[in-house]
Amino acid sequence: MDSRASEILTTGSNGVTSPYDVPDELMPVVAGLTSPRRHVPLWYLYDTRGSEMCEEIIRTSKSYKLWQHEYSILQTHADDIASKVSFPAILVDLGSAASSKTRLIIEAMMKRQGNFTFVPVDTAKEFIETCGRQLERDYPGLTVEPFAGLYMDGVRHSAARNGTKLLLFLGSSLGGVSIHEQLKMLQEIRAQLRDQDRFVLGIDLNTDREALSQAYGDQWIPIWRDNLISRLNKDFGGNMNPDMFKFNFQFVENPADGDTPSYVQLSLSSSGKQRVHLEKLGLHIDFREGESINFYEGPNTSCKWNMKQLLRLAERSGFAVDALWTNDEDSYCVICLAPAGVSEF
Ligand SMILES: C[S@@+](CC[C@H](N)C(=O)[O-])C[C@H]1O[C@@H](n2cnc3c(N)ncnc32)[C@H](O)[C@@H]1O
């Protein structure tokens, strides 16, 4: 990191008011962009526009089928999931976005207890607030209390409330958490849950390289390149040109009998040598030809587990499997975890 970047980051921390026209919560983006391995945090891709575009793609794509797979499992088993917690219970959804699949769980819970509170947790503040208001209109008796922030802050916020929790983490979004952080994150979640709480995860089990290269192909360019660069330009007064960056897909396969899942790695790479300016920070960044911007802190953009790896991760995190459902092709699963010692598998 050059001295200018380090000065910006120091000034914006430790409670000192930053003289730059950039909110403190965007400092991790500055840190990522100016670090030797250039990256943006995954959540930064999801501003309101990015969230809307993402919802459109995941629901309509012919090649990216996670939404459909998970939706069909939840359609069949939403009542089973809702029955895993005793009432009254609170529903919490990590990375909730439009809550489009979560609606099935909301409906199942409404049937059981009428009134309840739903806490969508997501960094896309404006988006979850808008979607939350729509949910309240659609489901009289539902109270939506959006938590705009990072996953673990949302978990701690919800854990502090009274009542049983049904905690969801859908869309295989765990796969976007750095491989090096996943175990620690699940252990921390486990520590925040009580015996009667349940944690339901949607997990992608598809490791077919060809299918993945289709699923993570050019359809994502409008979000992962064009909207990202437009957001960077807006937030930091930048002059980045999306056409000067190429969108790349890679699939990294790990041994099927090891604990580390395989993963998709997405990135942008600079089409040539270029210097970009971030006016609001008084900073420029030089890119070499081929130099990457990654979309995550760790090596993975989206993990792809096999069943053995998933069960081992659950066990090492202090969870027991309460129930597990897969789609017809066994390429996707929804797993209901109980704090270990409560349930048997
Ligand atoms: C792939 S979308 C999944 C949306 C939805 N759960 C589904 O299954 O369709 C991931 C969501 O997580 C949010 N997100 C990503 N990283 C986050 C983080 N570290 N903390 C909170 N939200 C995050 C994004 O804003 C985005 O809305």
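Residues numbered from 1 in each chain as written. Predicted model: local features only at pLDDT ≥ 70, side-chain atom pairs only at ≥ 80, totals over all residues. Heavy atoms only, no water.

Draft legend 1. Region of interest: the side chain of arginine 225. Tracing the backbone shows arginine 225 in helix α10 (residues 221-236). Among the residues examined, arginine 225 registers a relative accessible area of 15% and is labelled buried. Among the polar contacts listed, one links the side chain of arginine 225 to the side chain of aspartate 226, at a separation of 2.8 Å. (Helix = DSSP H or I, 4+ residues; strand = E, 2+ residues; numbered from the N terminus. Buried < 20%, exposed > 50% of the residue type's maximum accessible area, 1.4 Å probe, protein only. Polar contact = N/O pair within 3.5 Å; in protein donor to acceptor, adjacent residues only side chain to side chain.)

Draft legend 2. Region of interest: the site of the ligand. Neighbouring the ligand are 16 residues, the closest being Tyr46, Gly95, Lys101, Asp122 and Tyr151. Between a nitrogen atom of the ligand and a main-chain N or O atom of threonine 123, the distance comes to 3.5 Å. With respect to the ligand, the backbone of tyrosine 151 contributes an N or O atom lying 3.0 Å from a nitrogen atom. For the ligand, the accessible surface in isolation is 600 Å², of which the surrounding protein chains cover 89%. When the residues that make up the shell around the ligand are grouped by side-chain class, the tally is seven nonpolar, six polar and three charged. (Near = heavy atom within 4 Å. Areas by Shrake-Rupley, 256 points an atom, 1.4 Å probe, with all protein chains shown as cover. Nonpolar A, V, L, I, M, F, W, Y, C, P; charged D, E, K, R; others polar.)

Draft legend 3. A look at the packing of aromatic side chains. All chains considered together, the criterion is met by nine aromatic pairs. Between tyrosine 151 and phenylalanine 169, the ring centres sit 4.9 Å apart and the planes meet at 70 degrees, which makes this aromatic pair edge-to-face. Note that tyrosine 151 is positioned in helix α7 (residues 151-159) and phenylalanine 169 in strand β5 (residues 164-169), a separation of 18 residues in sequence. Tyrosine 151 gets classed as partly exposed once you look at its relative accessible area, which sits at 26%. Ring geometry for phenylalanine 199 and phenylalanine 319: centres 5.6 Å apart, planes at 40 degrees, overall tilted. One end of the pair, phenylalanine 199, is in strand β6 (residues 198-204); the other, phenylalanine 319, is in strand β13 (residues 319-326), and 120 residues separate them in sequence. (Phe/Tyr/Trp six-rings, centres within 6.5 Å; stacked < 30°, edge-to-face > 60°.)

Draft legend 4. Highlighting empty space enclosed by the protein. Taken as a whole and assessed by the stated rule, the structure comprises two cavities of 30 Å³ or more. Approximately 50 Å³ is the volume attributed to the largest cavity. Taken together, Val92, Val155, Ser158, Ala159, Lys165, Leu167, Gln192 and Leu193 make up the full set of residues lining the largest cavity. Broken down by secondary-structure element, the contributors of at least two residues to the lining of the largest cavity are α7 and β5. (1 Å grid on protein atoms, 1.4 Å probe; cavity = no way out; pocket = protein on both sides within 12 Å on 5 of 7 lines; lining within 4 Å. Points joined across faces, edges and corners; volume = space filled by probe spheres on them.)

Draft legend 5. Local environment of the domain arrangement of the protein. With domains assigned, the protein is organised as domain 1 (3-55 + 210-303) and domain 2 (64-190 + 309-339). Between domain 1 and domain 2, the residue contacts involve 24 residues of the former and 20 residues of the latter. A buried area of about 1700 Å², summed over both sides, lies between domain 1 and domain 2, and 56% of it is on carbon and sulfur atoms. Together, Thr48, Glu55 and Asp259 form the three largest contributors to the area buried by domain 1 at its contact with domain 2, with a combined 28%. Joining domain 1 to domain 2, the criterion identifies two salt bridges. There are 10 residue pairs in polar contact (both at pLDDT 80 or more) connecting domain 1 and domain 2. Within the residue set of the side of domain 1 that touches domain 2, elements represented by two or more residues are α3 (48-60) and β12 (302-304). Counting residues per element, the side of domain 1 that touches domain 2 draws most heavily on α3, which supplies four residues. For the side of domain 1 that touches domain 2, the class distribution of residues is 12 nonpolar, nine polar and three charged. (Domains from an automatic or database assignment. Contact = heavy atoms within 4.5 Å. Buried area = accessible area lost by both parts, 1.4 Å probe. Salt bridge = Lys/Arg side-chain N within 4 Å of Asp/Glu carboxyl O.)

Draft legend 6. Structural detail: the nonpolar core. Among the nonpolar cores identified, the biggest contains 73 residues, and Phe236 and Phe295 are the most heavily contacted of them. Mapping this core onto the domain boundaries places at least three of its residues in each of domain 1 (3-55 + 210-303) and domain 2 (64-190 + 309-339). Excluding residues within four positions of it along the chain, phenylalanine 236 makes contact with Val22, Leu26, Val29, Val30, Tyr44, Leu278, Glu279, Lys280 and Leu281. With 32 residues, the next largest nonpolar core counts Ile90, Met152, Phe319 and Val321 among its residues. (Core = buried A, V, L, I, M, F, W, Y, C linked by side-chain atoms within 4.5 Å.)

Draft legend 7. Broad picture of helix α5 (residues 102-113). If you check α5, its first and last C-alpha atoms are 16 Å apart, about what 12 residues at 1.5 Å a residue would give, namely 16 Å. Listing the buried residues of α5 in full gives Thr102, Leu104, Ile105, Ile106, Ala108, Met109, Met110 and Gln113. Contact partners of the buried residues in α5: α4 (66-82), β1 (89-94), β2 (116-122), α6 (125-138), β3 (142-144) and β5. (Expected span 1.5 Å × (residues − 1).)

Draft legend 8. View of the layout of surface pockets. Computed from the structure, the second largest pocket encloses a volume of approximately 360 Å³. Glu25, Thr123, Ala124, Lys125 and Arg231 are, among the 16 residues lining the second largest pocket, the residues nearest its centre. Tallied by class, the residues present in the lining of the second largest pocket amount to seven nonpolar, three polar and six charged. Shared between two domains, the lining of the second largest pocket takes at least three residues from each, and those domains are domain 1 (3-55 + 210-303) and domain 2 (64-190 + 309-339).

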